[in-house]
Amino acid sequence: MAYITLNKKHFFHNLDIIANKTKSKDKIALVLKDNAYGHGLLEIASMAQEYGITRVVVKSYEEAMKLEKMFEYILVLADSPKTKNDKIRYTINDINDINKFQTATKVELKVDTGMHRNGVSIEEFDTAIEMIKEKKLLLEAVFTHHRNADELTSEWFWQNKIFSQIKSKINGVKFHSCNSASLFRHSSFDEDMVRIGIAAYGCLEFSSAFDKVDLKPVLSLYAKKISSRSLKKDKALGYGASYTADTDCIVSNYDFGYGGGFLRICSNNYTNPNGEKLLGRISMDNSSFLSEVEEILIFDDAREIAKSAQTISYEVLTSLKCNLARKIV
Ligand SMILES: *Cc1c(COP(=O)(O)O)cnc(C)c1O
């Protein structure tokens, strides 16, 4: 069966680089949403715990509950509490949510500094703080999210400026604004926490205008051979006969297709890191390569295959199905 390997050395190397920027492991909140970006929630969580990570970020209450024995601090980005748990903090994404939380719930207030996706607006901020006090919620932090930190534009600067205005309005809470790209744009980081996803997984895509960061991809994907055959010149392969051999060749079929998360748009348009060419259309549980190896490396850097799929590494990774075996190496 197709399987994933997770390179612990690379993961720790990436965390070292991140901890070096934040100057403390305790300031790293590792983002584990969406099955830890397709890497496997518990596999990544156990390595993170071993490294000494104490803070994590997830999307849902269910994800948080799977991790509550492993970490001291869990931030839930978009869900509400179903039981009381002191380690879990919930995000206020909309001013109208404030009254939906029970008194004494630990919350963090998201502020919309320009992305216009979630969070209270600058104009709503003071009212939101009043409502949180009235409702007796435990406000621990105020945070924001950047819309364009990975590209060299002025937006990163003006979002920071708006966030510093917010910071000056309130005392006694923590502040955080950085995702991966934003952290690496700071020359001297001084906030209370970072929310790091893609950089920890080694697939940060960063404008060439910035200093290169030596991160190493953690995830590789392998598939096993189901069969090989010789394909004569002018014979076609796979659904829709979309590939025709230009010479006699040996082709093999491997057990990874779009059902496992191989983006079908890569059909006829992908060569793996060993130079083996994908031939014809990707089917549900099969893909054919110009190769005879028993086990084929599909990719070891999601950013590379993302180019063939005209997408980003985040989508390549989160497309990988939960039922693929994951081994830590
Ligand atoms: C997903 C997410 C992150 C992590 O972003 P990366 O680019 O993967 O580091 C940080 N903050 C919020 C609010 C997110 O939704």
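Note that the structure is predicted; figures quoted are calculated from it, not measured. (Residues numbered from 1 in each chain as written. Predicted model: local features only at pLDDT ≥ 70, side-chain atom pairs only at ≥ 80, totals over all residues. Heavy atoms only, no water.)

(A) Just the sheet that holds strand 3 (residues 55–58), in detail. If you walk across this open sheet you meet the eight strands as 8-7-6-5-4-3-2-9, and the pairing is parallel. Strands at the two margins of the open sheet, each flanked by one partner only, are strand 8 (174–176) and strand 9 (194–196). In this sheet, neighbouring strand axes are inclined to one another by 30° on average, regardless of whether the strands run parallel or antiparallel. The pairing of strand 2 (residues 28–31) with strand 3 spans three bridges and is classified as parallel. Of the residues in strand 3, the one forming a bridge with leucine 30 is valine 56. (Pairing = 2+ DSSP bridges. Helix = DSSP H or I, 4+ residues; strand = E, 2+ residues; numbered from the N terminus. Axes fitted to C-alpha atoms, helices over the stretch in contact; angles between N-to-C directions.)

(B) Inspection of the packing of aromatic side chains at higher detail. Taken as a whole, this structure holds twelve aromatic pairs when the rule is applied. Geometrically, the ring pair formed by phenylalanine 206 and phenylalanine 210 is tilted, given 4.7 Å between the ring centres and 40° between the ring planes. Seen in terms of ring centroids, tyrosine 254 and phenylalanine 289 are 6.0 Å apart; in terms of plane orientation they differ by 75°. Their pairing is edge-to-face. Placement of tyrosine 254 in strand 13 (residues 249–254) and of phenylalanine 289 in strand 15 (residues 287–289) is noted, with a sequence separation of 35 residues between them. Considered together, tyrosine 254 and phenylalanine 289 belong to a single accessibility category, that of buried residues. Over the ring of tyrosine 51 we find lysine 25; its NZ or CZ atom is 4.4 Å from the centre of that ring. (Phe/Tyr/Trp six-rings, centres within 6.5 Å; stacked < 30°, edge-to-face > 60°. Buried < 20%, exposed > 50% of the residue type's maximum accessible area, 1.4 Å probe, protein only. Lys NZ or Arg CZ within 6 Å of the ring centre and 35° of its normal.)

(C) Local environment of the state of the cysteines. Enumeration according to the criterion identifies zero disulfides in this entry. Free cysteine: cysteine 203, not disulfide-bonded; nearest cysteine sulfur from cysteine 266 at 15 Å. (Disulfide = S-S within 2.5 Å.)

(D) Just the site of the ligand, in detail. Not every one of the 14 residues close to the ligand is listed here, only the nearest: Lys33, Tyr37, Ser180, Arg195 and Tyr314. In this structure, a nitrogen atom belonging to the ligand sits 3.4 Å away from a side-chain N or O atom of histidine 145. Glycine 197 places a polar main-chain atom, nitrogen or oxygen, 3.0 Å from an oxygen atom of the ligand. Looking at the shell around the ligand, the elements with two or more residues in it are helix 2 (33–37) and strand 9. (Near = heavy atom within 4 Å. Polar contact = N/O pair within 3.5 Å; in protein donor to acceptor, adjacent residues only side chain to side chain.)

(E) View of the nonpolar core. Counting residues in each nonpolar core, the largest one holds 101 residues, and the members touching the most others are Leu32 and Phe299. A per-element tally of this core places helix 3 (residues 41–51) first, with six residues. Counting contributing residues, this core receives three or more from each of domain 1 (8–196) and domain 2 (219–328). Listed in part, the seven residues of the second largest apolar core include Leu237, Cys249, Val251 and Leu279. (Core = buried A, V, L, I, M, F, W, Y, C linked by side-chain atoms within 4.5 Å. Domains from an automatic or database assignment.)

(F) Main features of the pairing of strand 4 (residues 73–76). Both faces of strand 4 are covered, namely the face carrying Tyr73 and Leu75 and the face carrying Ile74 and Val76. Across four bridges, strand 3 lies against strand 4 in parallel orientation. If you follow valine 56 over to strand 4, its bridge partner there is isoleucine 74. When strand 4 meets strand 5 (residues 88–92), the two strands line up parallel, connected through three bridges. Bridging across to strand 5, valine 76 finds its partner in tyrosine 90.

(G) Quick peek at helix 3. Leu41, Ile44, Ala45, Met47, Ala48 and Tyr51 are the residues of helix 3 that are buried. Each buried residue of helix 3 sits inside an arc of 165° when the element is viewed along its axis, so together they form one side. Where helix 3 is buried, its residues touch strand 1 (3–6), helix 1 (8–22), strand 2, helix 2, helix 4 (61–67) and strand 17 (325–328). The first or second residue beyond helix 3 is glycine 52, which carries a positive phi of 110°. (Arc of directions from axis to C-beta. Contact = heavy atoms within 4.5 Å.)

(H) Structural view of the pairing of strand 7 (residues 138–143). In this structure, strand 6 (residues 106–110) lies alongside strand 7, joined through five bridges in parallel fashion. Across the sheet, lysine 106 pairs through a bridge with leucine 138, a residue of strand 7. Of the crossover connections in this fold, the one passing from strand 6 over helix 5 (residues 125–134) to the parallel strand 7 is right-handed. Inspection of the sheet shows strand 7 paired to strand 8 by three bridges, in the parallel sense. Bridging from a neighbouring strand, valine 142 pairs with phenylalanine 175 of strand 8. The parallel pair strand 7 and strand 8 is bridged by helix 6 (residues 155–167), and the resulting crossover is right-handed. (Right-handed = clockwise from strand over helix to strand, strands pointing away.)

(I) Region of interest: the pattern of salt bridges. Scanning all chains against the criterion turns up 16 salt bridges. Among the salt bridges present, the one from lysine 82 reaches aspartate 79, with a minimum N-O distance of 3.3 Å. Look at aspartate 79 and you get partly exposed, because its relative accessible area is 23%. Here glutamate 294 and lysine 225 are joined by a salt bridge, their closest N and O atoms 3.3 Å apart. In this pair, glutamate 294 sits in the loop between strand 15 and strand 16 (295–299) while lysine 225 sits in strand 10 (residues 219–231), placing the two residues 69 residues apart along the sequence. Overall, the relative accessible area of 23% leaves lysine 225 in the partly exposed class. (Salt bridge = Lys/Arg side-chain N within 4 Å of Asp/Glu carboxyl O.)

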